[in-house]
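# Secondary and tertiary structure notes
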Amino acid sequence: MFTKNASVQKSKTPKVDEVQLLHNIGYIAPQNTGYYHYLPLGLRVLNNISKVIDKEFSIKDDFNYNIEKLELSQSSPVDLWKKTHRYPANQHEVFTYMENDKNLRLLNPTCEESITQLFKSNYMKGNSQLPKIFYQTTKKIRNEKRPRFGLVRTREFIMNDCYSFHNTPEDTSKFFKIMEKKYKSIFNKLKIPVIAAKADSGDIGGSESIEFQYQDSRGEDTLLTCKSCQTGFNIEQFNGELNENLHETVTKDLTFKLCWTADKSSLIAIYYPKGEELSINKIEEELGDSVDTETFFAEREVGNEKIVDEINSKDDLQNYLFELPIVRMIDLRINKRGDLPDWPFKVFSKYQFMNIDKVDLCKPVSGVYDCPECNSEKTIDVTRSIEVGHIFNLGDRYTNKDNLKVMNVDNASKPIYMGCYGIGVSRLLQILAMENQDSLGLNLPKVVAPYKVNFIIDNYKKDINEVLEKDPSLKVFVQEINSKQIEKDYHLDLASDIKQFDKAKVSAAVGIPINVYFNGKHTKLPHVEVEIRGDILDKDWINKLQSVVKDKDNFKVLKEHKSDNRLPLIKINYKDTYAVCDEILKMVR
Ligand SMILES: [Zn+2]
């Protein structure tokens, strides 16, 4: 199971790329761009992530609902997606296939349509009680145009998706808040720090939504967080104000950009502080109109020049310019008493200008915005992040569609309300690698580690059966470990082609919290050595371990602290092994 040649970086070298690390230690193997195989060790971690979610979903905060696990078909008829108008609108994001030359089907990237139809046909009959809540943890397929960043952007991924059906919008909101709490608890148990950010409902739709974001400079999302109240905001949802002290502070260090409105009827001239980046969302909001993206996103100087040339080449330039509506947008940091750059056209009338000034037009940067939640000044931080979960209160977005109406049984004029909730499970495997990498490899929290304890026998170049036949108590010990493997999540490494020392290195690299060494030069029974890979959280660990061992005389601490890549190590009587391992597992992260 363990990859024999697992290579881990030496200490003092910079962190290796976590996708490479996951590959090196035998967690994953790339198949094609955007597709990965999950190998036995990686799959165990993925299953452990799922177990944490299953367990959290089984906890009832009150007894008015039941979150049930199911598995939906992995594909849907394209006709079903047409009912909610997500097809053909989203056809570029899904893979379709023709079934027997007549039925066009798609591979589900998400299952709102499938579950709504299932709910309508199977759970609306008679008086089935609401709410009804279902979830699954399955592979999804999405036509990701440019797969990248390992398990973060793939075409095939594991997602935990949950869907809830309610009688009223109030019940939906109440359950949405329960799920927010459950999501926070799940990430907390996985030891993954996340920020819950108020978000845009985007393509899924609905009334409220919250993203769970993991901060990392390589992430593709922009996250805004308040240093004071810790509230997170998705950049589209952020409505904080630029600190008042910064208004009209820029007089000379400014620049301007020309672009057209989307219908090319008006010219827009935007004045803003040099070095900042314009926000198309803010500009369109202030303008009350769409901008032409081609000229908006063109490199500033080249784009400006192109527009100036284009206008100057008009036949009747003078008349054209007099009739051209021009919108001048001036960022609130610009002090108009300062020098605005020269207007590039000689002919103009002041009546053709419409001014929109004292407006914020740029993308947020750290330390200049006041928090709209707690009103603290200049506390908003702007960072990059990776989305690991997203919850939506959908309202009747899917249940009140023309052809997919799901109405209340008691009152046929009222639709059913819905929420949906998703966690990127395979993506979390990479986040765990990003969060828990050290000089030995992965130092995983015990809740997700592929095994809890690794028993490492020294039998290099010796057949295991011969070794065991020579030593009856060793044979009994090995049989005992073997019989406890499933229940206790033990791994027994009997490989004879790898030195014990190398087995230990691999074990530490893959993130197993405890190694037990036996049958070596210093570990002939009745002695074994127990090495602690996981982070010990209890300062009193030595006394606690001493208190659970029966053979106190043979309890010896060989190394107390983690240092120079050497881990805490104790020597004990082998009969105390299980009690000691159980106790260590209570005390490691
Ligand atoms: Zn705040």
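Just so it is clear, the structure is predicted and the values come from calculations on it, not from any experiment. (Residues numbered from 1 in each chain as written. Predicted model: local features only at pLDDT ≥ 70, side-chain atom pairs only at ≥ 80, totals over all residues.)

### A short note on the overall build of the chain
- From N to C terminus, the chain includes 15 helices and 28 strands.
- By the burial criterion, 37% of the 589 residues in the chain qualify as buried.
- Of the contacts formed within the chain by residues at least 6 apart in sequence, a portion of 72% connects residues at least 24 apart. (Helix = DSSP H or I, 4+ residues; strand = E, 2+ residues; numbered from the N terminus. Buried ≥ 20, exposed ≤ 12 C-beta atoms within 10 Å, placed from the backbone. Contact = placed C-beta atoms within 7 Å.)

### Some remarks on the environment of Phe 176
- For Phe 176, the location among the structural elements is in helix α5 (residues 169-189).
- In sequence terms Phe 176 and Phe 392 are 216 residues apart; their C-alpha atoms lie 7.5 Å from each other.
- In this structure, Phe 176 is in contact with Glu 208, Ile 391, Asn 393 and Gly 419, ignoring residues within four places of it in sequence.

### Section: the sheet that holds strand β25 (residues 514-518)
- Read across the sheet, 6 strands follow the order β24-β23-β25-β26-β28-β27 without closing on themselves; strand pairing throughout is mixed. Of all the strands in the sheet, just β24 (490-493) and β27 (556-559) have a single pairing partner and so form its edges. Between one strand axis and the next, the sheet turns by 25° as a mean value, whatever way the strands run.
- Across 4 bridges, the pairing between strand β23 (residues 453-457) and β24 is parallel. Paired with Asn 454 across the two strands is His 491, which belongs to β24. (Pairing = 2+ DSSP bridges. Axes fitted to C-alpha atoms, helices over the stretch in contact; angles between N-to-C directions.)

### Focus on the sheet that holds strand β13 (residues 254-260)
- Strand order in the open sheet formed by 4 strands is β13-β14-β15-β16, with mixed pairing between adjacent strands. Of all strands in the sheet, those with a lone pairing partner are β13 and β16 (353-359), marking the two edges. Pairwise comparison of adjacent strand axes, ignoring direction, gives a mean angle of 15° for this sheet.
- Sheet topology places β13 next to strand β14 (residues 267-273); 7 bridges connect them, and they run antiparallel. Opposite Lys 257, over in β14, you have Ile 270 as the bridge partner.

### Concerning the packing of helix α14 (residues 541-548) against helix α15 (residues 577-587)
- Viewed as axis vectors pointing N to C, α14 and α15 meet at an angle of 150°, and their least axial separation amounts to 9 Å. Viewed along their axes, α14 and α15 adopt a mutual orientation that is roughly antiparallel. Where α14 crosses over α15, the handedness of that crossing is right-handed. Together, Trp 541, Lys 544, Leu 545 and Val 548 of α14 and Ala 579, Val 580, Glu 583, Ile 584 and Met 587 of α15 make up the contact between the two elements. (Parallel < 35°, antiparallel > 145°, perpendicular 65-115°, else oblique. Left-handed = near helix turned anticlockwise from the far one by under 90°.)

### A few points about the nonpolar core
- Grouped together as the largest cluster of nonpolar side chains are 109 residues, with contacts concentrated most on Ile 49, Ile 192, Val 388, Leu 428 and Val 516.
- The greatest single-element share of this core, amounting to 7 residues, is contributed by helix α2 (residues 40-58).
- Residue-level mapping places this core at the junction of two domains, with at least three residues from each of domain 1 (45-73 + 109-235 + 383-433) and domain 3 (451-587).
- With sequence-adjacent residues up to four places away left out, Ile 49 is seen in contact with Leu 190, Val 425, Leu 428 and Val 448.
- Membership of the second largest hydrophobic core comes to 21 residues, among which are Phe 256, Ile 270, Tyr 271 and Leu 361. (Core = buried A, V, L, I, M, F, W, Y, C linked by C-beta atoms within 7 Å. Domains from an automatic or database assignment.)

### Concerning the environment of Val 476
- Its location among the elements puts Val 476 in helix α12 (residues 472-488).
- With 366 residues separating them along the chain, Val 476 and Thr 110 place their C-alpha atoms 51 Å apart.

### A few points about the domain arrangement of the chain
- Once the domains are mapped, the chain shows domain 1 (45-73 + 109-235 + 383-433), domain 2 (244-359) and domain 3 (451-587).
- When each unit is reduced to the centre of its C-alpha atoms, the spacing between domain 2 and domain 3 is 70 Å.

### Quick word on α15
- Of all the residues in α15, the buried ones are Thr 577, Val 580, Cys 581 and Ile 584. Viewed along the axis of α15, the buried residues span an arc of 100°, placing them on a single side of the element. (Arc of directions from axis to C-beta.)

### Comments concerning the packing of α2 against α5
- Close contact between α2 and α5 brings their axes to 10 Å; oriented N to C, the two are set at 145°. For the pair α2 and α5, the crossing hand works out as right-handed. On the side of α2, the interface is formed by Val 52, Ile 53, Glu 56 and Phe 57, while α5 contributes Lys 182, Ser 185, Ile 186 and Lys 189.
- Its residues placed into classes, the contact of α2 with α5 shows 4 nonpolar, 1 polar and 3 charged. (Nonpolar A, V, L, I, M, F, W, Y, C, P; charged D, E, K, R; others polar.)

### Some remarks on unusual backbone geometry
- In this chain, Tyr 87 is followed by Pro 88 through a cis amide linkage whose omega measures 10°.
- Locating Pro 88 in the fold gives a position in the loop between α3 (78-83) and β5 (96-99).
- Notably, Lys 191 is not glycine yet its phi reads approximately 60°, a positive angle.
- By the C-beta count within 10 Å, which is 16 here, Lys 191 ends up partly exposed.

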